[in-house]
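# Chain and residue survey
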Amino acid sequence: MATRSTRMLAALATVFSLAAVLSGTAFTVLPTFGMSSSTLHSGLRSSEKQTQPTPLASEPTWTHSGGVGLVCGMMMVFGMAKALSGSVAGKKNTNKVVCNAFCAQKQGNARIVSVTTCRAEEGTSLLQRKRCDGHGFAKGDPDFDVTDGSSLGESVTVEFKKRPTGVMRYSHGANGKGAIILDMQEKSRYPGDPKGQCALGGVKPKMVIKSIAGQECIDWNFVDIMDLLDDYEFQPTDTKEAKDEWKARSRKYEATPLPCVVEFQECKVTEVDEDVVAPKLEGKWYPRGNPFTDADLAAELERVKKESPVPSDYSGVVYSGPSSVDDAWIQALMEQQRDGILLPKSMAYELVVDTIKVLSKEKTMSEFELKPGEKVTVCGDTHGQYWDVMNIFKINGLPSASNPYLFNGDFVDRGSWGMENILLLYALKVKDPSSMHFNRGNHELIEANMIYGFAGECMKKYDDTLFDLFSESFRKLSLCHLINKEVFVTHGGLPGPNPRIYMPGMSHDPSDAIPRNTNTLTLDEIAACDRETELQSGTYRNAVDIPEGDTIPEASKVSQERIVIDLIWGDPRLTNGYGPSYRKSRGIFMFGPDVTDKFCDDNGLKFCIRSHEVKEDGWKQDHPRLYTVFSAPNYMDVGGNKGAFLTVTNEGGSLEVTPTEFEKSEHPDVPPMIWQNFFAESHPHLTKKMKKATGPVYDSNGMLVQMSKQELE
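## Points about the pattern of salt bridges
Within the structure shown, the criterion is met by 30 salt bridges. Salt-bridge contacts for Asp-463 lead to Lys-345; the nearest nitrogen and oxygen are separated by 3.2 Å. Of the two residues, Asp-463 is situated in the loop between α12 (454–461) and α13 (464–475) and Lys-345 in helix α8 (residues 345–360); the sequence distance between them amounts to 118 residues. Between Glu-656 and Lys-606 there is a salt bridge whose closest N-O contact spans 3.2 Å. Placement of the pair is Glu-656 in strand β26 (residues 654–662) and Lys-606 in the loop between α17 (593–603) and β22 (607–610), with a sequence separation of 50 residues. If you follow the salt bridges from partner to partner, you end up with Arg-440, Glu-472, Arg-475, Lys-476, Glu-532 and Glu-534 in one network.

## Some details on the sheet that holds strand β21 (residues 589–591)
Sheets are built from strands that pair by backbone hydrogen bonding, the pairs being arranged parallel or antiparallel. Ordered in space as β19-β21-β20, the three strands form an open sheet in which the pairing is mixed. Every other strand in the sheet has two partners, leaving β19 (571–572) and β20 (578–580) as the edge strands with one partner each. In terms of strand pairing, β20 meets β21 through three bridges, oriented antiparallel. Across the sheet, Pro-580 pairs through a bridge with Phe-589, a residue of β21.

## Side note on the pairing of β26
Across nine bridges, strand β25 (residues 643–651) lies against β26 in antiparallel orientation. Bridged to Val-648 within β26 is Val-657. Counting the residues between successive antiparallel strands, the hairpin from β25 to β26 contains two residues, one of them, Gly-652, with a positive phi of roughly 65°.

## Examining empty space enclosed by the protein
Taken as a whole and judged by the stated rule, the model has eight cavities of 30 Å³ or more. Considering only enclosed or pocket space, the largest cavity measures out at about 150 Å³ in volume. Along the wall of the largest cavity there are 18 residues; nearest its centre are Gln-385, Asp-388, Trp-417, Asp-637 and His-667. It is helix α9 (residues 386–396) that provides the largest number of residues to the lining of the largest cavity, a total of three residues. In terms of residue class, the lining of the largest cavity is made up of eight nonpolar, seven polar and three charged.

## Quick word on the packing of aromatic side chains
Applying the stated criterion to the full structure yields 21 aromatic pairs. The structure contains a cluster of three or more aromatic residues connected by ring pairs, namely Trp-285, Phe-411, Tyr-426, Phe-438, Phe-454, Phe-467, Phe-470 and Phe-474. When the ring centre of Phe-292 is taken as reference, the NZ or CZ atom of Arg-288 above it lies at 3.8 Å. Taking the ring centre of Phe-438 as reference, the NZ or CZ of Lys-429 above it sits at 5.8 Å.

## Brief notes about the pairing of strand β17 (residues 480–483)
Successive residues of a regular strand alternate their side chains across the two faces of the sheet. Here β17 shows a buried face lined by Cys-480 and Leu-482 and a second buried face lined by His-481 and Ile-483. Strand direction decides the pairing type here: β17 and strand β18 (residues 487–490), joined by four bridges, are antiparallel. Note that in β18 the partner of Leu-482 across the bridge is Phe-488. Turn length for the β17-β18 hairpin, with the two strands adjacent in sequence and antiparallel, is three residues, and the turn residue Asn-484 shows positive phi of about 55°.

## Looking at helix α7 (residues 327–338)
Helix length check: α7 (12 residues) gives 17 Å between terminal C-alpha atoms against 16 Å at 1.5 Å per residue, within 8%. Residues of α7 that are buried include every one of Trp-329, Ile-330, Leu-333, Met-334, Gln-336 and Gln-337, and no others. On the buried face of α7, the contacting elements are β12 (341–342), α9 and α10 (418–431). Structurally, the start of α7 carries an N-cap: the backbone nitrogen of Ala-328 is 3.2 Å from a side-chain oxygen of Asp-326. Gly-340 occupies a position one or two residues after α7 and carries a positive phi of about 90°.

Calculation criteria
Residues numbered from 1 in each chain as written. Predicted model: local features only at pLDDT ≥ 70, side-chain atom pairs only at ≥ 80, totals over all residues. Heavy atoms only, no water. Salt bridge = Lys/Arg side-chain N within 4 Å of Asp/Glu carboxyl O. Helix = DSSP H or I, 4+ residues; strand = E, 2+ residues; numbered from the N terminus. Pairing = 2+ DSSP bridges. 1 Å grid on protein atoms, 1.4 Å probe; cavity = no way out; pocket = protein on both sides within 12 Å on 5 of 7 lines; lining within 4 Å. Points joined across faces, edges and corners; volume = space filled by probe spheres on them. Nonpolar A, V, L, I, M, F, W, Y, C, P; charged D, E, K, R; others polar. Phe/Tyr/Trp six-rings, centres within 6.5 Å; stacked < 30°, edge-to-face > 60°. Lys NZ or Arg CZ within 6 Å of the ring centre and 35° of its normal. Buried < 20%, exposed > 50% of the residue type's maximum accessible area, 1.4 Å probe, protein only. Expected span 1.5 Å × (residues − 1). Contact = heavy atoms within 4.5 Å. Polar contact = N/O pair within 3.5 Å; in protein donor to acceptor, adjacent residues only side chain to side chain.

Here it is in structure tokens:
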């Protein structure tokens, strides 16, 4: 029975749920084969108490700690509630077991990998222009120089009567001088809106502060300007500790009283082009930029069998093609991987190559039929939580002709056993393709794999060429499935708005919405999309239609990149219409229940199933005709959520959904995200733009990505 404290914490989770996703999801990777990095606005904001403008004796010391994250994430709060419940009951709250075999991974019977815990960089102070995104990676701001008079332009003077004034993020030059607007509310939401003061006064992004209450301060230290202005808004990604340190630091200037006249001036900036393709370095590995032909696949198999023969002491299962796999083989594979013994490299290669051949025969929108009395089990994100996947099969049985499965994307990344997870799923696929179905998720992208760990895991446990083969297999995955022509299953969301209006001042206010489309994207149009599209950071920014003045763009033919983005990235929202997503700065949209209804009505669907989001009970009916399923319980060991799978059954000609919830499984004492750090260290030429911040790091769902050094010790 839940205690009163537990219930209170669970209630708080609902209050904090919006804050848990405000930072979005941003990928930060150097260009590879035309790939590039993208950034999401994240960083410090503030609006603190007003005090009299009196100079202080001491110089300011800015020691804002670097590990910024979402400590108020919904799943974190539920995790706290469960932990509290366990402690109140006097029971030890544990979700792991020590397993010496997993202090190392093995190929054959030889131990080859030493697992080391990621530690945060020590002794770093997070400067404003080194703001952190949702993954804890710092990103650089544009460069500008307020001491260069030729870079300054027209000025605007505004009298502020209230705080905050509408600027959501300031930054400073590389020398720490000046304060420039990088993000602001560009419209007034209602008469008298204090956050509309800047917009109504003619202030625009890329303007610098010239003077405050007659005091020239254009070339002051950034912190001094912020103290004098006292209009510095914190971001949802800032930790309580970071806020407390900012408030407690010594100040040189107290806040200027209101009303206050502030002069802004245009300033030229030098943008950091994150999408410029860097020249490739001699002898360094880069993701493969062209597909594998049949001859390429055969050549790779021949090479690896010659260079990496099966170890003489290997006594595990032998993979020699799809015909070698049966239920006993699957059980033996699960057991040996549980004991830390991987397939030998040549067998892993052969299994992935055979999976590529099977997946190549499938379609962007795969279809299958359930006859009366038949069922299919739909699983959501599993994210390398291998022990939980084995538990699903223990609860629900292995895939078979009478017990088919549809795994709805995100098989790898984050969890520390993505390799074991994907090899098991692929073995089941080649064993009986008709009983094991897959959809592609946003973590079946090269960009994501190099950030969230699977690239590092693959290279640590095997090698880089096998990662290229996995990437090839991911591009062959279906983007969606259609069951009995009336149930649509995809990883992320439904088709986005058309036109895809991007309004810089658009907020997440439910009333600030893009209406649903007049014309719905048809299933045939989705089926015609090229599923082998590899999304890159620039793709998201180009996936919007920016109005010119007051002219709204016309609806147009939807590109395949935009379809892919919607299907693997979109999320539902509670209110009607479309709204901007929290996951990236632009290009991704959330969709309301009216969008779901129209998509179903126009395409003859009964309901839709998707994944992509943590849910407290492992599943949720987000809209009357939309279900979400998430199958990674206690996500990243801190979520506190249950896992679930959905059973879709044909009951007398009607497809019905039955959810099954399950608890987390015990697993070896290895933390999540251990492979992320390995990749950053082993491939600095691909990750040199990442500057790891100190302290705990949380992702856009409020999940712990990395503990602080103090916590680890």
